[in-house]
Amino acid sequence: MIGGTDIYQLIPQRPPIVMVDVVWSADETCAETGLTVQEDNIFVRNGRFREPGLIEHIAQSAAAFAGYGTFARGEEPRLGYIGEIKDCTLSSLPKVGDELKTRIQLMTEVGGIRLISAETKVKDAVMASCQMKIFLKEK
Amino acid sequence: MDKKELIAKVNACLAEEFEVEESIITPEANIKQTLQLDSLSLVDMVALIESEFGVKIPTADLGKILTFDALYDYLAERS
């Protein structure tokens, strides 16, 4: 488990735009990340974590997944760019205090583009799911 | 699955995924041009091949698979 400011070793984002506060597990093909929605999160409106926040959380979870590999090799995290979001379903907006848990699965990687599937839950309720293509910037 | 069945399955999968008529998929045709693939949709093709045929195409091999015939041969050797 990696949490707190150690997350900064996995993703290039910094507060207030950090949307992952823990990586529960990670290996070569999948990762599980988390975020507790705080009242002062910039994507919270009227007590709900809004759609752009969910997408950003998934994107940063994918970045943390990629970052875990570079971290394990003792390298700096690489910037990632969302190339495409596909089959996106946002089922519900998490409330302040909810603990998001996101599973990232690497589907394939071609020429520096990663295709991942993602599912975000609060307890057993699915909040969001999608596929993303992410470009990882070369150093 | 024999080669004929494999070709039929490949053509059907690709035609459905990329919304083209199966009739334009011919052995000598260029894959990227026929399916109008860009760098993003090429990733979809690789993922589709992997899920349907259990064959992972490494980036290094992709550049060698220019035509459908080359794709059929590649899959026939590995699936």
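From a predicted model like this one, the values you see are computed outputs, not experimental measurements.

## A closer look at the overall build of chain B
Piece 1. What chain B contains, in helices and strands, is 5 helices and 0 strands.
Piece 2. Helices (α) and strands (β) of chain B occur, in sequence order from the N terminus, as α-α-α-α-α.
Piece 3. Against the compact-globule benchmark of 12 Å for 79 residues, chain B has a radius of gyration of 11 Å, which places it among compact chains.
Piece 4. Taken over the C-alpha atoms alone, chain B extends approximately 30 × 30 × 20 Å along its principal axes.
Piece 5. Residues classed as buried in chain B amount to 18% of the 79 residues present.

## Remarks on the pairing of strand S7 (residues 99–110) of chain A
Residues in a regular strand point their side chains to alternate faces of the sheet.
Piece 1. Sheet topology places strand S3 (residues 30–36) of chain A next to S7(A); 7 bridges connect them, and they run antiparallel. Residue pairing for S7(A): Gly34(A) is matched across the bridge by Lys101(A).

## Quick word on the interface of chain B and chain A
Piece 1. Each side of the interface is counted separately: chain B has 9 residues, and chain A has 9 residues.
Piece 2. Looking at the side of chain B that touches chain A, the elements with two or more residues in it are helix H3 (39–53) and helix H4 (59–62) of chain B.
Piece 3. At 7 residues, H3(B) tops the list of elements feeding residues into the side of chain B that touches chain A.
Piece 4. Partitioned by chemical class, the residues of the side of chain B that touches chain A number 6 nonpolar, 2 polar and 1 charged.

## A short note on H3(B)
Piece 1. Taking 1.5 Å per residue as the helical rise, H3(B) with its 15 residues ought to reach 21 Å, and the 21 Å between its terminal C-alpha atoms agrees with that figure.
Piece 2. Listing the buried residues of H3(B) in full gives Val43(B), Asp44(B), Met45(B), Val46(B), Ala47(B) and Ile49(B).
Piece 3. The elements touched by buried residues of H3(B) are S7, strand S8 (113–122) and strand S9 (125–136) of chain A together with helix H1 (3–18) of chain B.
Piece 4. Backbone geometry just after H3(B) places Gly54(B) at a positive phi near 65°.

## Some points on the sheet that holds strand S2 (residues 22–26) of chain A
Strands in a sheet are paired, the pairing made by backbone hydrogen bonds, and the direction either parallel or antiparallel.
Piece 1. With antiparallel pairing, the 7 strands of this open sheet are ordered in space as S1-S2-S3-S7-S8-S9-S6 (chain A). Single-partner strands in this sheet number two, and they are strand S1 (2–3) and strand S6 (80–90) of chain A.
Piece 2. As judged from the 8 bridges shared by S6(A) and S9(A), these two strands associate in the antiparallel manner. The residue of S9(A) that forms the bridge with Leu90(A) is Ala128(A).
Piece 3. In the packing of helix H1 (residues 51–72) of chain A onto the sheet, contacts are made with S2, S3, S6, S7, S8 and S9 of chain A, and the angle to S9(A) comes to roughly 55°.
Piece 4. Where H3(B) meets the sheet, it contacts S6, S7, S8 and S9 of chain A, and its direction lies at approximately 90° from that of S7(A).

## Details of unusual backbone geometry
All names here are of chain A.
Piece 1. In this chain, Pro15 is followed by Pro16 through a cis amide linkage whose omega measures 10°.
Piece 2. Considering the arrangement of structural elements, one finds Pro16 in the loop between S1 and S2.
Piece 3. Of note in the backbone geometry, Asp87 takes a positive phi value of approximately 50° without being a glycine.
Piece 4. Tracing the sequence through the fold places Asp87 in strand S6.
Piece 5. Take Asp87: there are 9 C-beta atoms within 10 Å of it, and that puts it in the exposed class.

So, how was this worked out
As a convention, each chain's residues are numbered from 1 in the sequence order in which they are written. Chain A is the first chain written and ligand 1 is the first ligand written, with later ones labelled in order. Residues qualify for local features only when their pLDDT is at least 70, as the model is predicted, and side-chain atom pairs are given and counted only at 80 or more; totals for whole chains, interfaces and linings, by contrast, use all residues. The way it works is that DSSP assigns letters per residue, a run of H or I at least four long becomes a helix, a run of E at least two long becomes a strand, and they are numbered from the N terminus. C-alpha atoms define the radius of gyration in this analysis, and the globule rule sets the expected value at 2.2 Å times the number of residues to the power 0.38. Any residue with 12 or fewer other C-beta atoms within 10 Å of its own C-beta is exposed, any with 20 or more is buried, and the rest are partly exposed; the C-beta atoms used are placed from the backbone. The criterion for strand pairing is that DSSP finds at least two bridges linking the strands in question. Contact criterion: two residues are in contact if their C-beta atoms, reconstructed from the backbone, are within 7 Å. Just so you know the grouping, Ala, Val, Leu, Ile, Met, Phe, Trp, Tyr, Cys and Pro go in nonpolar, Asp, Glu, Lys and Arg go in charged, and all remaining residues, Gly too, go in polar. What a helix is expected to span follows from its residue count: subtract one and scale by 1.5 Å. Axis angles are defined between N-to-C directions and span 0 to 180 degrees, where every axis is a line fitted to C-alpha atoms and, for a helix, only to the segment in contact.

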